[in-house]
Amino acid sequence: MSWSLAYVALGLFTGFSAGMLGIGGGLVMVPVLTMLFSAQGHFPVGETLHIALGTSAAAIVFTSLSSLRAHHQHQAVLWKIVLQITPGILFGTLLGTLFASSIDARPLAVFFTCFVCFVALQMVLDIKPKATRELPGALGIVATGTGIGAISSLVAIGGGAFTVPFLSWCNVPVRKAIGTSAAVGFPIALGSALGYAFNGHGHAGLPPFSLGFIYLPALAWLVPPSMLIAPLGARMAHRLPVATLKRVFSGLLIVLAGRMLWKLLH
C-alpha cells in the first residue's frame, strides 16, 4: 500500500506540472520511479532505469491526452504545427527507444542528467530569440520533430522540455508553446511506450505484470490521478504571468538536474 500511495502522489505532481508547463511529466517520473523501483528490491538492477523509462512513457500517453484537451479548450494548441511535426516525432521515438534498450543504464542516466542541465541553463539565462525569427518550413519542422522524438524517447518525456524552448525560440507566444507542446507530447509518448514494450519483451528477470519495460501495477496507480489533475495545471498556465511560468519551468529543471547529479556521484 505504501508503494501505491507513492505512485498516486507522483501521479498528482506530474499531472499538475504536465498541464501547467506542457511537459509530459517524465522529467519528474523517471528519477522518482527509478528510486522507488530500486527500493522495492525485486527489480533487476541492470534494467531498473529502463523500466522507469518505459513506465513513464506509458503514463505520459494518458496524461498528455488530458492536458492537450484542456489547452485546446483555451485555444492554445497550434494544430498545424502538431500535424507537421508528428511524422518526425514518431520516427524519432522509434529510433530512440531502439537505442535506449541496447545500452547500459549508467550511460543512459548520464545522458539524462546532461540533457536536464542543458535545458535548465537555457531557461535560467532566458536567452531571447531575434524578433525576426520564425518557424522553419514543413521539412524543417519534420526534421526538428525527429530530433525531439529521438531524444525525448531516450529520457521518456513528453518532449515539452525541447518543444517549448524550440517554439519560444521561434517567437511563438509561451502559452501557445505550452499548449502545442502538450499536444505534441501524445505522439512522442505513444511511440516511446510502444518501443519500450516491444524492446523489453522477453527480457529475463523482469517483475511480474510487466509489459516489456512497462510495469503495469505502477502504471495503474499513476494514470488516474495524473489525468484528474492535469486540467487544473492547464488552467493555471493561462492565469499565471509569463515570467512566472518561465521561472517555474527552469526551477523544476534545476532541481531535477541536481537530483540526478547527486545520484550519479553517490
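Source: prediction; values computed, not measured.

Chemist: It is not clear to me how the overall build of the protein chain should be interpreted in this structure. Could you clarify?
Modeler: When its secondary structure is counted, the protein chain shows ten helices and two strands. Restricting the contact set of the protein chain to residue pairs at least 6 apart, pairs at least 24 apart contribute 82%. Put simply, the protein chain shows about 11500 Å² of open surface, and 72% of that area lies on carbon and sulfur atoms.

Chemist: Where do I start with helix H9 (residues 216–237) in this structure?
Modeler: Over its 22 residues, H9 runs 31 Å from end to end, which matches the ideal 32 Å to within 8%, given 1.5 Å per residue. Met-227 marks the point of greatest bend in H9, at about 30°, and the proline Pro-231 comes within the next four residues. Within the sequence span of H9, burial applies to Ala-218, Leu-219, Leu-222, Val-223, Pro-225, Ser-226, Ile-229, Ala-230, Gly-233, Ala-234 and Ala-237.

Chemist: I'm lost on the packing of aromatic side chains in this one. Help?
Modeler: Between two aromatic rings, the relevant description is the distance of the centres plus the angle of the planes. Under the counting rule described, the total for this entry stands at four aromatic pairs. With a centroid separation of 6.4 Å and 65° between ring planes, the pair formed by Tyr-7 and Phe-37 is classed as edge-to-face. Placement of Tyr-7 in helix H1 (residues 2–21) and of Phe-37 in helix H2 (residues 26–40) is noted, with a sequence separation of 30 residues between them. As far as burial versus exposure is concerned, Tyr-7 and Phe-37 are alike and both buried. Ring plane angle 80° and centroid distance 5.0 Å describe the contact between Phe-43 and Tyr-215, whose orientation is recorded as edge-to-face. Linking Phe-43 in the loop between H2 and helix H3 (48–73) with Tyr-215 in strand E2 (residues 214–215), this pair joins segments that are 172 residues apart in sequence. Here the two residues Phe-43 and Tyr-215 agree in accessibility, since each one is buried. Through a chain of ring-to-ring contacts, three or more aromatic side chains come together here, namely Tyr-7, Phe-37, Phe-43 and Tyr-215.

Chemist: Can you walk me through a nonpolar patch on the surface in this structure?
Modeler: There is a patch of nonpolar side chains on the surface, built from Phe-209, Leu-211 and Leu-216 and spanning about 320 Å² of accessible area. Mapped onto the fold, Leu-216 is located in helix H9. Owing to a relative accessible area of 37%, Leu-216 belongs among the partly exposed residues under this scheme.

Chemist: Where do I start with the side chain of Ser-64 in this structure?
Modeler: Position of Ser-64 among the secondary structure elements: in helix H3. We classify Ser-64 as buried; its relative accessible area is 5%. Beyond its immediate stretch of four places on either side in the chain, Ser-64 contacts Ala-182, Gly-185 and Phe-186.

Chemist: Please explain the nonpolar core as it appears in this structure.
Modeler: The tendency in soluble globular proteins is for nonpolar side chains to be buried as a group. Membership of the largest hydrophobic core comes to 30 residues, with the highest contact counts inside it found for Tyr-7, Met-29, Leu-33, Phe-37, Ile-51, Tyr-215 and Leu-222. The set of elements that each furnish at least two residues to this core consists of H1, H2, H3, helix H8 (174–199), E2 and H9. The dominant element in this core, judged by the number of residues it contributes, is H3, at nine residues. One finds Ile-89, Ile-148, Ala-182 and Ile-188 within the second-largest nonpolar core, a separate group that totals twelve residues.

Chemist: It is not clear to me how H1 should be interpreted in this structure. Could you clarify?
Modeler: Residues spaced three or four apart along an α-helix point in a common direction, a consequence of the helix completing one turn every 3.6 residues. With 20 residues, H1 should cover 28 Å at 1.5 Å per step; its first-to-last C-alpha distance of 28 Å lies within 8% of that length. Within the sequence span of H1, burial applies to Ser-4, Tyr-7, Leu-10, Gly-11, Thr-14, Gly-15, Ser-17, Ala-18, Gly-19, Met-20 and Leu-21.

Chemist: Can you walk me through the packing of H3 against H8 in this structure?
Modeler: A pair of packed helices is characterised by two quantities: the angle between their axes and the separation of those axes. Here H3 crosses H8 at 145°, and the two axes come no closer than 7 Å. Note on packing geometry: the crossing formed by H3 with H8 is left-handed. Contacts from His-50, Leu-53, Gly-54, Ala-57, Ala-58, Ile-60, Val-61, Ser-64, Leu-65, Ser-67, Leu-68 and His-71 of H3 reach H8 at Ile-178, Gly-179, Ala-182, Ala-183, Gly-185, Phe-186, Ala-189, Leu-190, Ser-192, Ala-193 and Tyr-196. Among the residues making up the contact of H3 with H8, the classes are represented as 15 nonpolar, eight polar and no charged.

Chemist: Is there a simple way to think about the packing of H1 against H9 in this case?
Modeler: One way to put it is that H1 packs onto H9 with a least axis distance of 6 Å and a crossing angle of 30°. Between H1 and H9, the angle is such that the two are roughly parallel. In the packing of H1 onto H9, the handedness of the crossing is right-handed. Residue-level contacts link Ser-4, Tyr-7, Val-8, Leu-10, Gly-11, Leu-12, Thr-14, Gly-15, Phe-16, Gly-19 and Met-20 of H1 to Ala-218, Trp-221, Leu-222, Pro-225, Ser-226, Ile-229, Ala-230, Leu-232, Gly-233, Ala-234, Met-236 and Ala-237 of H9. In the contact of H1 with H9, the residues fall into 16 nonpolar, seven polar and no charged.

Chemist: Help me out: how do you make sense of unusual backbone geometry in this one?
Modeler: Outside of glycine, negative phi angles account for most residues, and trans bonds account for most peptide bonds. Even without being glycine, Gln-75 reaches a positive phi, approximately 55°. One non-glycine residue, Phe-209, lies in positive phi territory at about 65°. One can find Phe-209 in the loop between H8 and strand E1 (210–211). The exposure class assigned to Phe-209 is exposed, which follows from its relative accessible area of 65%.

Procedures and definitions
Residues numbered from 1 in each chain as written. Predicted model: local features only at pLDDT ≥ 70, side-chain atom pairs only at ≥ 80, totals over all residues. Heavy atoms only, no water. Helix = DSSP H or I, 4+ residues; strand = E, 2+ residues; numbered from the N terminus. Contact = heavy atoms within 4.5 Å. Areas by Shrake-Rupley, 256 points an atom, 1.4 Å probe, with all protein chains shown as cover. Expected span 1.5 Å × (residues − 1). Bend = angle between axes of the 7 residues up to and from the residue. Buried < 20%, exposed > 50% of the residue type's maximum accessible area, 1.4 Å probe, protein only. Phe/Tyr/Trp six-rings, centres within 6.5 Å; stacked < 30°, edge-to-face > 60°. Patch = residues over 30% accessible without salt bridge, like charges linked within 9 Å, V, L, I, M, F, W, Y side chains within 5 Å. Salt bridge = Lys/Arg side-chain N within 4 Å of Asp/Glu carboxyl O. Core = buried A, V, L, I, M, F, W, Y, C linked by side-chain atoms within 4.5 Å. Axes fitted to C-alpha atoms, helices over the stretch in contact; angles between N-to-C directions. Left-handed = near helix turned anticlockwise from the far one by under 90°. Nonpolar A, V, L, I, M, F, W, Y, C, P; charged D, E, K, R; others polar. Parallel < 35°, antiparallel > 145°, perpendicular 65-115°, else oblique.

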